[in-house]
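Fold and geometry: a report
The residues making up each chain are set out below.
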Amino acid sequence: NKKYTIAVLPGDGIGTEVTPVAVEALRLAGSLEGIDFEFKEMLVGGAAYEATGVPFPEETLKASLESDAVYLGAVGITKKMPSSDHLPKHLRPEVGLMRIRRALGVYANLRPITVFPQLLEASSLKRSVTEEVDFMIIRELAGGLYYGKPRGFGINEKGEETGFCTEIYSSSEVDRVARIAFDMAMERRGKVCSVDKATILESSRLWRKRVTIMSEEYPEVDLSHMLVDTSGMELIRYPKQFDVLLTTNVFGDILSDVSAMITGGIGMLPSACIGGPGPQLFEPVHGSAPDIEGEDVANPLAAVLTAVMLLRYGLKEEAVAKRIENAIFDTLNEGFRTRDISTPGAKIVGCKKMGEEILKSLYVRVPSY
Ligand code: NAD
Ligand code: IPM
Ligand code: MN
């Protein structure tokens, strides 16, 4: 059998509830295709801070670098640690996430927005708006407002306290993520919409200029530019217009949560962080969700779809990826839903039960296709 080592970092809150579901789906789907996974469970975020005093321990870094792919559940506040405001900023749970992204050198975050036909009634938007929506947000992940310097706290001329961050992009930072977007459009419907705020921000003017230059290498791709405020509106008005939506780190963070509602909710969104020289990173888009933690009601589909992305974009094991995808489809066809994506007449189940039904679909209901 082929063997892969996966570093598994469940993290905090519902991260620890949804990750086992993804791991079991990987294990079973892999075994059905003659693939063995070795899962190395490591600490990250608040859980790591509690156990070791830091949110991103050396051992986690080492195991991640030595793996074939890294799977991260979620980091963040929990019922036990409802705020991290008392911590110095380098000890906050979210630092675990920022560090692992940096350490792996991943700079493009793929966030597919795909509507399952079974879940049309789960969205807060009308069926006519969401039906057949299928686009890919490509969020720049290694630069921009999240990392720019100078940043910090200060005092202004009036003696007031200030807080400041810098959005800075270099041409090579824009080029490398834009290339991923154009390449992806070539495999899809041939459209890139680049979202920025070029009317006001210099960082966005450079962004738009470099994306435009890059488009000359892709004459088959239809490039458009959209201002970020307009894009928030257009995503809700007529999301079918989008194929590949390329944007900056901070805009991508916001627009992916907006887009989540097209699909039924944040519990549906997986992501892949790619572009690094070594193992790539895979994480659901949602956080630790302290409001529902420990109740076995979290939707594990974002996590399981993240496992699909790990197989597809990380290990290039398309057959295994398809198997899990089909099992999810089948489980939804059987009427199983977690509470957040409930539809009329559905069978509402918890996180664990949803996981069991996916395994059942993998093994019993759709053993082959
Ligand atoms: P969140 O994504 O944790 O939760 C937002 C809302 O969505 C909550 O009402 C939650 O119950 C719901 N939700 C999220 N995932 C769900 C799922 N799988 N099934 C059903 N409902 C789900 O965002 P937040 O509450 O703003 O942040 C909580 C913590 O998580 C913060 O510390 C934040 O920094 C962190 N966070 C981490 C990540 C990550 O690890 N990738 C992402 C976002 C937020
Ligand atoms: C996400 C999260 C993170 C981000 C936070 C937790 C640092 O919101 O992955 O979308 O903003 O990148
Ligand atoms: Mn986010």
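What you see is a predicted model, and the numbers here were worked out from it, not measured in a lab.

Parameters and conventions
Residues numbered from 1 in each chain as written. Chains lettered and ligands numbered in written order. Predicted model: local features only at pLDDT ≥ 70, side-chain atom pairs only at ≥ 80, totals over all residues. Near = placed C-beta within 6 Å. Nonpolar A, V, L, I, M, F, W, Y, C, P; charged D, E, K, R; others polar. Pairing = 2+ DSSP bridges. Helix = DSSP H or I, 4+ residues; strand = E, 2+ residues; numbered from the N terminus. Axes fitted to C-alpha atoms, helices over the stretch in contact; angles between N-to-C directions. Domains from an automatic or database assignment. Contact = placed C-beta atoms within 7 Å. Buried ≥ 20, exposed ≤ 12 C-beta atoms within 10 Å, placed from the backbone. Core = buried A, V, L, I, M, F, W, Y, C linked by C-beta atoms within 7 Å. Parallel < 35°, antiparallel > 145°, perpendicular 65-115°, else oblique.

**Comments concerning the site of ligand 2**
Close to ligand 2 lie E94, L97, D253, V285 and G287, which account for all nearby residues. Of the residues in the shell around ligand 2, the class split is 2 nonpolar, 1 polar and 2 charged.

**Let's talk about the site of ligand 1**
As a structural note, the neighbourhood of ligand 1 is formed by 21 residues, with G76, G267, H286, G287 and N299 the closest of them. Residue classes in the shell around ligand 1 are distributed as 11 nonpolar, 6 polar and 4 charged.

**Looking at the sheet that holds strand β8 (residues 191–196)**
One open sheet accounts for 10 strands, arranged β2-β1-β3-β12-β11-β4-β5-β10-β8-β9; its pairing is mixed. At either margin of the open sheet sits one strand with a lone partner, and together these are β2 (35–41) and β9 (222–227). Neighbouring strand axes in the sheet, compared pairwise and without regard to direction, differ in orientation by 25 degrees on average. Note: β8 against strand β10 (residues 244–247), 4 bridges, orientation parallel.

**Re the domain arrangement of the protein chain**
Taken domain by domain, the protein chain holds domain 1 (1–109 + 270–369) and domain 2 (124–263). Measuring from the centre of the C-alpha atoms in domain 1 to the corresponding centre in domain 2 gives 25 Å. Domain 1 puts 8 residues into the contact, and the matching count from domain 2 is 11 residues. Within the side of domain 1 that touches domain 2, the residues separate by chemical class into 5 nonpolar, 2 polar and 1 charged.

**Observations regarding the pairing of strand β5 (residues 134–140)**
With respect to burial, β5 is a largely interior element, 6 of its 7 residues being buried. By the bridge criterion, 7 bridges tie strand β4 (residues 108–114) to β5 in an arrangement that is antiparallel. Bridged to R111 within β5 is I137.

**Points about the nonpolar core**
By size, the foremost hydrophobic cluster in this structure holds 107 residues, and its most contacted members are Y71, I138, V304 and I324. Among the elements that line this core, the one with the most residues is helix α10 (residues 301–315), at 11 residues. Each of two domains, domain 1 (1–109 + 270–369) and domain 2 (124–263), supplies a minimum of three residues to this core.

**Side note on helix α4 (residues 93–104)**
Owing to its 3.6 residues per turn, the α-helix brings residues three or four apart onto one side. P93, V95, G96, L97, I100, R101 and L104 are the residues of α4 that are buried. For α4, the secondary structure elements touched by its buried residues are α2 (45–52), α3 (58–65), β3 (69–74), β11 (272–274) and β12 (280–282). Just downstream of α4, G105 is the residue with a positive phi angle, here 65 degrees.

**Notes on the environment of A25**
By the element assignment, A25 lies in helix α1 (residues 15–32). C-alpha separation for the pair A25 and E356, spaced 331 residues apart in sequence, amounts to 9.2 Å. Setting aside chain neighbours within four positions, we find A25 in contact with V304, A307, I324, I358, L359 and L362.

**Considerations on the packing of α1 against helix α12 (residues 351–365)**
Here α1 crosses α12 at 10 degrees, and the two axes come no closer than 10 Å. Here α12 runs roughly parallel to α1, going by the angle between their axes. In this structure, α1 contributes E17, V18, V21, E24, A25, L28 and A29 to the contact, and α12 contributes C351, G355, I358, L359, L362 and Y363. Split by residue class, the contact of α1 with α12 holds 10 nonpolar, 1 polar and 2 charged.

**A word on unusual backbone geometry**
Omega for the bond connecting K149 with P150 falls within 30 degrees of zero, at 5 degrees, which places this linkage in the cis form. Of note in this structure, K316 is not a glycine but carries a positive phi near 55 degrees. Tracing the sequence through the fold places K316 in the loop between α10 and α11 (318–333).

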